[in-house]
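An overview of the molecular structure
Each chain, written out:
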Amino acid sequence: LIFLLTFTSGFSVVLPAVQKALSDDSPLVISVATTLLDNLCKTMSNKVVEDILGNLIRLLKVESKKEAALRAVTQVASVRPKYALRIMIPVFSRAPIHMFEANALVEISKVADESLQLYIGTIVENFLETIEEEPETGRQYLQNWALALPASSRQSFLAELKEALVDETNSEAYRNDA
């Protein structure tokens, strides 16, 4: 019991330190923090990712902490993409997608692995909704994101985009016939 209490209280001190280090300006500090995060996930579970991301998502809403929080979120995605994307994609891809969210999707996509493919359809749909509201801006955001996609996700992106555009064209044709 004493070990558990000590470990739990130590854990509550370590997570905020790791979170802060992930958004540091120093590449060395970030490297050490990502290694520590990976080890914590292996030892404790991927709940560590959920805890850290929960705090970082709250910081994304604070204007003065947004950029640092985004750097940290990107680092978490590079260490544990499968678990991180499950939490982050709904946060950043909610339509309409604004500039900060579009940039966040670009940064996350640069470090994500094949786990990103699970979310491409949702992201494409939300970008298309954004394009309906803000055509020029939405197209630019979509283009920037598409260029940042890893090679392994580009084929899925093109297939999802084609499907969404065909569905949209068919819906328009149906409305015009009615």
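Note that the structure is a prediction, hence the values are computed from the model and not measured. (Residues numbered from 1 in each chain as written. Predicted model: local features only at pLDDT ≥ 70, side-chain atom pairs only at ≥ 80, totals over all residues. Heavy atoms only, no water.)

1. Things to note about the pattern of salt bridges
When their charged atoms lie close together, side chains carrying opposite charge are able to pair. Defined as follows: Salt bridge, as applied in this entry: a Lys or Arg side-chain nitrogen positioned within 4 Å of an Asp or Glu carboxyl oxygen. Counting from the N terminus, the helices are the DSSP runs of H or I reaching at least four residues and the strands are the DSSP runs of E reaching at least two. Buried, partly exposed and exposed residues are distinguished by accessible area as a fraction of the type maximum, computed with a 1.4 Å probe on protein chains only: under 20%, between the cut-offs, and over 50%, respectively.
Inspection of every chain in the model, using the stated rule, returns eight salt bridges. Note that R86 is salt-bridged to E50, the shortest N-O span being 3.2 Å. Of this pair, R86 sits in helix α5 (residues 81–92) while E50 is found in helix α3 (residues 47–59), placing the two residues 36 residues apart along the sequence. Under the relative-accessibility criterion, R86 is labelled partly exposed at 42%. Classification of E50 as partly exposed rests on a relative accessible area of 35%. What emerges from the salt-bridge pattern is a single network uniting D38, K42 and R80.

2. Describing helix α6 (residues 99–111)
Selection criterion: To estimate how far a helix should extend, the number of its residues minus one is multiplied by 1.5 Å. In what follows, residue pairs with any heavy atoms lying within 4.5 Å of each other are defined as contacts.
Across its 13 residues, α6 extends 19 Å between first and last C-alpha, which sits within 8% of the 18 Å expected from 1.5 Å per residue. If you follow the buried residues of α6, they end up packed against α4 (66–79), α5, α7 (120–133) and α8 (135–148).

3. Topic: a negative patch on the surface
The following threshold applies: Distance thresholds for patches are 9 Å for like charges and 5 Å for nonpolar side chains (Val, Leu, Ile, Met, Phe, Trp, Tyr), applied to residues having over 30% relative accessible area and no salt bridge. Residue-level accessible areas treat just the shown protein chains as cover; the underlying method is Shrake-Rupley with a 1.4 Å probe. Charged residues are defined here as Lys and Arg on the positive side and Asp and Glu on the negative side; His and the ends of the chain fall outside this count. By convention, the point assigned to a charge is CZ for Arg, NZ for Lys, CD for Glu and CG for Asp.
On the surface, E125, E129, E132, E133, E163, D167 and E168 cluster together into a negatively charged patch. Going through the elements one at a time, α7 and α9 (151–177) are the ones with two or more residues in the negative patch. Secondary-structure assignment places E129 in helix α7.

4. Focus on the environment of D24
Rules: Pairing of N or O atoms within 3.5 Å defines a polar contact, subject to two protein rules: one partner must be a possible hydrogen donor and the other a possible acceptor, and residues neighboring in sequence count only if both atoms are side-chain atoms.
With respect to the helices, strands and loops of the structure, D24 is situated in the loop between α1 (2–22) and α2 (27–44). Those residues in contact with D24, other than ones at most four positions away along the chain, are V29, I30 and R71. Here the side chain of D24 touches S26 through a polar contact of 2.7 Å, landing on its backbone nitrogen.

5. Let's talk about the packing of aromatic side chains
Formally: Here a pair means two rings of Phe, Tyr or Trp (six-membered ring of Trp) with centres within 6.5 Å. Their orientation is stacked below 30 degrees between planes, edge-to-face above 60, and tilted elsewhere.
With the rule as written, the count across this model stands at two aromatic pairs. Each ring, one from F127 and one from W145, has its centre 5.5 Å from the other, and the planes form 35 degrees; the classification is tilted. Of this pair, F127 sits in helix α7 while W145 sits in helix α8, and the two are 18 residues apart along the sequence. Neither residue differs from the other here; F127 and W145 are each classed as buried. For the ring pair W145 and F157, a centre distance of 5.6 Å and an interplane angle of 80 degrees mean the geometry is edge-to-face. One end of the pair, W145, is in helix α8; the other, F157, is in helix α9, and 12 residues separate them in sequence. Residue W145 shares its accessibility class with F157, and that shared class is buried.

6. What about the side chain of T130?
Mapped onto the fold, T130 is located in helix α7. Ignoring anything within four residues of it in the chain, the contact list for T130 reads A95, P96, I97 and G138.

7. A look at the nonpolar core
Cut-off, in case you're wondering: In this text, buried Ala, Val, Leu, Ile, Met, Phe, Trp, Tyr and Cys residues form a nonpolar core when linked through side-chain atoms within 4.5 Å.
Of all hydrophobic cores here, the largest spans 52 residues; its most connected members are F92 and W145. No other element matches the seven residues that α4 contributes to this core. Setting aside chain neighbours within four positions, we find F92 in contact with L60, L70, V73, I97, F100, E101, A104, L105 and I108.

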